[in-house]
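Chain and residue survey
The primary structure of each chain is shown beneath.
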Amino acid sequence: MKDNGVKKLPLSAQVTIIAGHPFRGRIEPVAGAETLVVQMRDTAPDGVNWASCVRTTVPGRREPDWLQTGDVLFPARGNVSRAVLIDEQIGTLKAVAAPHFFLLRTKKASLLPAYLAWWLNQDPVQRHLEQNAQSSTLVRNIARTVLETTPLALPPLAEQQKLAGVALAMHQEETLLMRLRQSNQHIMTGLARDLLAR
């Protein structure tokens, strides 16, 4: 189905959805381990804070689904479902996603990972997920089937690149404004302390 060059598809038509690595119980740090585990606390809108990730050994016999550049992490649980793009900063690190994430990997070159992450964080998709989530009194759960059937609007690659670029520029602007506000607050605090010290 096309509308002015935009295809409307279920997410599963363009994306492979993989469950996070099946750790049993608490993820314990292991001295000298080389594998990182990305947990919710390690993610932010601008990506993964690799320095905060726990280093541990990965249980299980099968080869883990190692994270790679272009993967998108999406929380399966929690009241905030924000997609996070794994970018070039991962470098040669060996890392896996914790069990409460879905790992999304694009199947075709016609879908840019940066656009996918942007799309999943937009209000129409967030509303769809909110309406179809399984909610308890404390935690919202997104089932794999809900994610698979989530609508994906797929414009041409040039438009995807443009939208992803605009989103990145807006995020950088917000970050700069936040730093400026913090700097201004420090200046005001310093002036107030000077007044008290007179």
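That block above? That's the structure.
Presented here is an overview of the structure given in this document. In this numbering scheme, every chain counts its residues from 1 along its sequence in written order. Only residues with pLDDT of at least 70 are given local features in this predicted model, and only at 80 or more are side-chain atom pairs given and counted; all residues enter the totals for whole chains, interfaces and linings. Side-chain measures here rest on the full set of heavy atoms in the structure, leaving out hydrogens and waters.

Remarks on the sheet that holds strand β10 (residues 94-97)
- When DSSP finds two or more bridges between two strands, those strands count as paired. Each helix is a run of H or I in the DSSP string that is no shorter than four residues. Each strand is a run of E no shorter than two, and both are numbered from the N terminus. Reading across from one edge, β7-β4-β10 is the order of the 3 strands in this open sheet, with mixed pairing throughout. Bordering the open sheet on either side are β7 (54-56) and β10, each of which pairs with just one other strand. Across the sheet, the mean angle from the axis of one strand to that of its neighbour is 40°, orientation sign disregarded.
- In terms of strand pairing, strand β4 (residues 35-38) meets β7 through 3 bridges, oriented antiparallel. Of the residues in β7, the one forming a bridge with Val-37 is Val-54. To get an axis, a line is fitted to the C-alpha atoms, and for a helix only the part in contact is used. The angle between two axes follows their N-to-C directions and goes from 0 to 180 degrees.

Quick word on the pattern of salt bridges
- Here, a salt bridge means any side-chain nitrogen of Lys or Arg that lies within 4 Å of a carboxyl oxygen of Asp or Glu. Here the structure, examined in full by the defined rule, presents 3 salt bridges.
- Measuring nitrogen to oxygen at the nearest pair gives 3.3 Å for the salt bridge that ties Glu-28 to Arg-26.
- Note on exposure labels: buried denotes an accessible area under 20% of the residue type's maximum, exposed denotes more than 50%, and partly exposed covers the range between, all computed with a 1.4 Å probe on protein chains only. Relative accessible area serves as the criterion here: at 69%, Arg-26 is assigned to the exposed category.
- Note that Asp-71 and Arg-105 form a salt bridge whose closest N and O atoms lie 2.8 Å from each other. Residue Asp-71 is located in the loop between β7 and β8 (72-75), and its partner Arg-105 is located in strand β11 (residues 101-106); the two are separated by 34 residues in the primary sequence.
- For Asp-71, a relative accessible area of 1% puts it in the buried group.

Focus on the side chain of Gln-126
- Mapped onto the elements of the fold, Gln-126 is located in helix α2 (residues 123-132).
- The definition of a polar contact used here is a pair of N or O atoms within 3.5 Å, where within protein one atom must be able to donate a hydrogen and the other to accept one, and adjacent residues in sequence count solely through side-chain atom pairs. Here Ser-81 takes part through its backbone oxygen, which lies 2.7 Å from a polar atom of the side chain of Gln-126.
- A polar contact of 2.8 Å, which involves the side chain of Gln-126, links it to the backbone oxygen of Leu-120.
- Residues count as neighbours in contact if any of their non-hydrogen atoms are within 4.5 Å of one another. Sequence-distant contacts of Gln-126, that is, excluding residues within four places in its chain, are made with Phe-74, Ser-81, Arg-82, Leu-120 and Asn-121.

Comments concerning the packing of aromatic side chains
- Think of it this way: a Phe, Tyr or Trp ring, Trp meaning its six-membered ring, pairs with another when their centres are within 6.5 Å, and the plane angle makes it stacked under 30 degrees, edge-to-face over 60, tilted otherwise. Scanning the entire structure with this criterion turns up 3 aromatic pairs.
- Between Tyr-115 and Trp-118 the ring centres are 5.6 Å apart and the planes differ by 35°, which places this aromatic pair in the tilted class. Of this pair, Tyr-115 and Trp-118 both sit in helix α1 (residues 113-120), 3 residues apart, which is roughly one turn of that helix.
- Ring centres 6.4 Å apart and planes at 50° place the aromatic pair Trp-118 and Trp-119 in the tilted group.
- A relative accessible area of 23% means that Trp-118 is categorised as partly exposed.
- Chaining the aromatic ring pairs together yields one cluster made of Tyr-115, Trp-118 and Trp-119.

Focus on the pairing of β8
- Here β8 shows no split at all, with Val-72 and Phe-74 on one side and Leu-73 and Pro-75 on the other all buried.
- Note that β8 and strand β9 (residues 84-85) share 2 bridges and pair antiparallel. If you follow Val-72 over to β9, its bridge partner there is Leu-85.
- Here 4 bridges tie β8 to β11, and the two strands are oriented antiparallel to one another. Looking across to β11, one finds that Pro-75 is bridged to Phe-101.

Honestly, that's just the spatial picture; any functional story needs more than this.
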